[in-house]
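Listed here are the chains, written in short residue letters.
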Amino acid sequence: MNPPCARCGKIVYPTEKVNCLDKNWHKGCFHCEVCKMTLNMKNYKGYDKKPYCNAHYPKQSFTIVTDTPENLRLRHQSELQIIYTVPGSTDR
């Protein structure tokens, strides 16, 4: 029995099958989630089991660092270095 397409749900026959991201797709259904650009095995990027082109691949964002005592000390040290730096001086 032929599996259903991950995008449209219709049957995917072997001649049009793309098996990627643990799913089966029609060649035409294997496109970027954002811009709908048709993808292939060479130019796709998978994220959360969904295909993306290079331009729309979700970027990992970092969380805000909390004000731990060590981070507060480093920030204070950096501020002191800025205050005590003499403009035009080559000594550091």
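Given the structure is predicted, the values throughout are model-derived calculations rather than measurements.

### Quick word on the overall build of the chain
Okay, so step 1: Across its full length, the chain carries 1 helix and 4 strands.
Okay, so step 2: For the chain, buried positions account for 17% of its 92 residues.
Okay, so step 3: Partitioning the contacts of the chain with sequence separation of at least 6, the portion at a separation of at least 24 is 14%.
Okay, so step 4: Here the chain displays about 7,600 Å² of accessible surface, and carbon together with sulfur accounts for 56% of that area.

### Here's the deal with unusual backbone geometry
Okay, so step 1: Backbone geometry at lysine 36 places phi at a positive 70 degrees, although glycine is not the residue there.
Okay, so step 2: Within the chain, aspartate 48 stands out as a residue other than glycine whose phi angle is a positive 55 degrees.
Okay, so step 3: Topologically, aspartate 48 is positioned in the loop between β3 (45-47) and β4 (50-52).
Okay, so step 4: Note on aspartate 48: relative accessible area 62%, which makes it exposed.

### Quick word on the side chain of histidine 31
Okay, so step 1: Tracing the chain through its elements places histidine 31 in the loop between β2 (23-26) and β3.
Okay, so step 2: Histidine 31 has contacts with Arg7, Lys36, Met37, Thr38, Leu39 and Pro51, leaving out every residue within four places of it along the chain.

### Some details on the packing of aromatic side chains
Okay, so step 1: Evaluated as defined, the whole model comprises 3 aromatic pairs.
Okay, so step 2: Look at phenylalanine 30 and tyrosine 44: their rings are 5.5 Å apart centre to centre, the planes differ by 65 degrees, and that puts the pair in the edge-to-face class. With phenylalanine 30 in the loop between β2 and β3 and tyrosine 44 in the loop between β2 and β3, this residue pair connects regions lying 14 residues apart in the sequence.
Okay, so step 3: You can call phenylalanine 30 buried: its relative accessible area is 0%.
Okay, so step 4: We classify tyrosine 44 as partly exposed; its relative accessible area is 25%.
Okay, so step 5: Judged by centre distance (5.9 Å) and plane angle (85 degrees), the rings of tyrosine 47 and tyrosine 57 are edge-to-face.

### Digging into the pairing of strand β1 (residues 17-20)
Okay, so step 1: The side-chain alternation of β1 yields one buried face, formed by Val18 and Cys20, and one unburied face, formed by Lys17 and Asn19.
Okay, so step 2: Bridge count for β1 against β2 is 4 bridges, and the pairing is antiparallel. In the strand pairing of β2, lysine 17 is matched with histidine 26.

### Let's talk about the pattern of salt bridges
Okay, so step 1: Counted by the stated rule, this structure contains 2 salt bridges.
Okay, so step 2: Notably, a salt bridge pairs lysine 49 with aspartate 22, separated by 2.4 Å at the nearest N-O pair. One end of the pair, lysine 49, is in the loop between β3 and β4; the other, aspartate 22, is in the loop between β1 and β2, and 27 residues separate them in sequence.
Okay, so step 3: With relative accessibility at 41%, the residue lysine 49 sits in the partly exposed group.

### Things to note about the nonpolar core
Buried together is how nonpolar side chains tend to be arranged in soluble globular proteins.
Okay, so step 1: If you look at the biggest cluster of nonpolar residues, it comprises 9 residues: Val18, Cys20, Leu21, Trp25, Phe30, Cys32, Leu39, Tyr52 and Cys53.
Okay, so step 2: What valine 18 contacts, discounting residues up to four positions off in sequence, is Lys23, Asn24, Trp25, Lys27, Phe30 and Met41.

Cut-offs and rules
All residue numbers refer to position in the chain's written sequence, counted from 1. Where totals are concerned, whole chains, interfaces and linings use all residues; where local detail is concerned, this predicted model gives features only for residues with pLDDT of at least 70, and gives and counts side-chain atom pairs only at 80 or more. Only heavy atoms go into the side-chain values, all of them from the structure, while hydrogens and water stay out. Strands here are runs of E lasting at least two residues and helices are runs of H or I lasting at least four, both read from the DSSP assignment and numbered beginning at the N terminus. Three exposure classes are used, based on accessible area relative to the maximum for each residue type with a 1.4 Å probe and protein chains only: buried under 20%, partly exposed in between, and exposed over 50%. Only heavy atoms enter the contact rule, under which two residues are in contact if any of them lie within 4.5 Å. Accessible areas in this description were obtained via Shrake-Rupley with a 1.4 Å probe; residue shielding takes into account the shown protein chains only. Two aromatic rings, drawn from Phe, Tyr or Trp (for Trp, its six-membered ring), form a pair once their centres lie within 6.5 Å of each other, and the interplanar angle then sorts them: stacked below 30 degrees, edge-to-face above 60, tilted otherwise. By definition, two strands form a pair when at least two bridges between them are found by DSSP. Each reported salt bridge corresponds to a side-chain nitrogen of Lys or Arg within 4 Å of a carboxyl oxygen of Asp or Glu. Buried Ala, Val, Leu, Ile, Met, Phe, Trp, Tyr and Cys residues that are joined via side-chain atoms within 4.5 Å together make up what is termed a nonpolar core.

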